[in-house]
Structures are given as structure tokens and as C-alpha cells.
Amino acid sequence: MRKLLFLMWVFSPIFSYAQQHQLGLRLGEPLSITYKTDLDDRFSVEGMIGRGSANSAAYYRRSFENNRPLSSAVYQGHTASDAFTLNARVAYHEDITSEFDISEGTLLAYLGAGAQLRSVNVNYVYFTPNPSEQTVFLNESRTNIDLGPEGYFGSEYLFEDLPISVFAEVGLFFELIDRPGHLKLQGGIGARYLF
């Protein structure tokens, strides 16, 4: 709840300039509560807070291998939990209703960029080789934090008689902090209530 209040406080200066507010749910990667507001007819800003999926098993194994708790530590496995994401984005919209001969509502295509913060708790299980004793498994917990830009594109349909919009989008997250150069394909569908 504190994170949501912080997000609202960060975007509060934008609220006074906005023409239309939208609040909804985004299903996909990441699964998020989304708040979007129009700055004018062409541009919007969006904030998302939610849960993202963990990276691949190879990603976390490589992180362990690059930063072993002991030089003799041998990776045995890991679990990932409590994935959290926070996004701040800006998008450019273009009305494409007439291109598809849509008679009711408005169809928009959009292209955007933003920043994404991801956090995942990872619990590693490892052992140290010791031929004279029984193998003892050890644990180490780490918080994996990723930060970087994202680019995305999609389409949004605004109903004419209902204060609802639906959208679908796909994007790419480029990790700069923790493992520079790592790319993650993302996408989602969702709906927002307009007020």
C-alpha cells in the first residue's frame, strides 16, 4: 500500500494537467495495476505496479556462479519468490479508427518508452565438496534487483458508450543494472476504467 501511495505522490503533478484518467488491470508480464492519463491528444503517461515473473533458471545460476559465497561453492538449485515490478512510461498515440472502418468507439495505436524496476528474492542452495565428510547443503538468500529502459507498442480500443478501454501490447526490457545487456520480452492485455 505504501508503494501505491508513493507512486500516486510521484505522479501527482501530472494529474493536474491530465485530461482523462484510466485505472485498470494488466494481465501478462508483468501482471500489474495500471494508471494512465492523457497529457494531450497524442501523449500519455502511465505508471504500473505489480508482480513480474522470475528470470530463467540459467540467469540465476549464472548470477550464483559469478558471485559465489565461497570459492568452492557448488550450485545445487534455487527458488525465486516475491517478484515486484514498478514501471513509469510515456506513449505516443495515433488514432487509427478510420483505417479499419470502425463506426463506434476509438481505436488507437501507440508506441512508448519508459523505465522498469524489478526485484526478486532468490534463495540459493549450494554445497562445498568435502570427500571426508557427508555433503551438507547450505542456503543463501539474495535480492535480485534489475533496472533499465523498456520500449513497447500496442493498440487500445475505447468504447463509445462505456467508460472502459481494452488494450494489448508487446515490449522489450533492456537490463542496465545487475546484468547489463540482458533482454526480456514482455507483453500483456488488459482493461481500464476511464474517469
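Up top is the structure.
Residues numbered from 1 in each chain as written. Predicted model: local features only at pLDDT ≥ 70, side-chain atom pairs only at ≥ 80, totals over all residues. Heavy atoms only, no water.

## Digging into the overall build of the protein chain
Assigned secondary structure in the protein chain consists of 2 helices and 8 strands. Written out in order from the N terminus, the α and β elements of the protein chain read α-β-β-β-α-β-β-β-β-β. Against the compact-globule benchmark of 16 Å for 195 residues, the protein chain has a radius of gyration of 21 Å, which places it well outside the compact range. When the backbone C-alpha atoms are referred to their principal axes, the protein chain occupies close to 80 × 35 × 25 Å. In the protein chain, buried positions account for 39% of the 195 residues. Of all intrachain contacts in the protein chain linking residues separated by at least 6 positions in sequence, the fraction that spans at least 24 positions is 63%. In the protein chain, which carries 15 positive and 22 negative side-chain charges, the distance between the mean positions of the two groups comes to 12 Å. (Helix = DSSP H or I, 4+ residues; strand = E, 2+ residues; numbered from the N terminus. Rg over C-alpha atoms; globule rule 2.2 N^0.38 Å. Buried < 20%, exposed > 50% of the residue type's maximum accessible area, 1.4 Å probe, protein only. Contact = heavy atoms within 4.5 Å. Lys, Arg positive; Asp, Glu negative; His and termini not counted. Charge placed at Lys NZ, Arg CZ, Asp CG, Glu CD.)

## Quick word on empty space enclosed by the protein
Summed over the entire model, instances satisfying the criterion amount to 2 cavities of 30 Å³ or more. Lining of the largest cavity is provided by K36, S44, V45, E46, R89, V90, A91, H93, Y110, Y152, E169 and R192. Sorting the residues of the lining of the largest cavity by element identifies strand 3 (43-51) and strand 4 (74-95) as the ones contributing at least two each. In terms of residues, the lining of the largest cavity owes the most to one element, strand 4, which gives 4 residues. A per-class count over the lining of the largest cavity returns 5 nonpolar, 2 polar and 5 charged. What the second largest cavity holds in volume is close to 40 Å³. Lining the second largest cavity are 14 residues; nearest its centre among them are R26, R89, E150, E169 and Q186. (1 Å grid on protein atoms, 1.4 Å probe; cavity = no way out; pocket = protein on both sides within 12 Å on 5 of 7 lines; lining within 4 Å. Points joined across faces, edges and corners; volume = space filled by probe spheres on them. Nonpolar A, V, L, I, M, F, W, Y, C, P; charged D, E, K, R; others polar.)

## A closer look at the pairing of strand 2 (residues 31-38)
Most of strand 2 is tucked away: 6 of the 8 residues are buried. Examined bridge by bridge, strand 1 (residues 21-29) and strand 2 share 6 bridges and lie antiparallel to one another. In the strand pairing of strand 2, Q22 is matched with K36. Connecting strand 1 to the next strand, strand 2, in antiparallel fashion are 1 residue. As defined by bridge partners, strand 2 adjoins strand 3 across 8 bridges and the pair is classed as antiparallel. The residue bridging T37 from the neighbouring strand is V45, located in strand 3. In textbook terms, the turn of a hairpin is the stretch between consecutive antiparallel strands, and for strand 2 and strand 3 this stretch comprises 4 residues. (Pairing = 2+ DSSP bridges.)

## A look at the nonpolar core
If you look at the biggest cluster of nonpolar residues, it comprises 10 residues: Y59, Y60, F64, A73, Y75, A83, V120, V122, Y124 and Y126. Going through the elements one at a time, helix 2 (57-66), strand 4 and strand 5 (106-127) are the ones with two or more residues in this core. In terms of residue count, the dominant contributor to this core is strand 5 (4 residues). Setting aside its immediate chain neighbours within four residues, A83 contacts G50, R51, G52, S119 and V120. (Core = buried A, V, L, I, M, F, W, Y, C linked by side-chain atoms within 4.5 Å.)

## Focus: the side chain of T97
By the secondary structure assignment, T97 is in the loop between strand 4 and strand 5. Of the residues examined, T97 reaches a relative accessible area of 10% and is grouped as buried. Polar side-chain contacts of T97 include one of 2.6 Å to the side chain of D95. Among all residues touching T97, those that are not within four sequence positions of it are I102, G105, T106 and L107. (Polar contact = N/O pair within 3.5 Å; in protein donor to acceptor, adjacent residues only side chain to side chain.)

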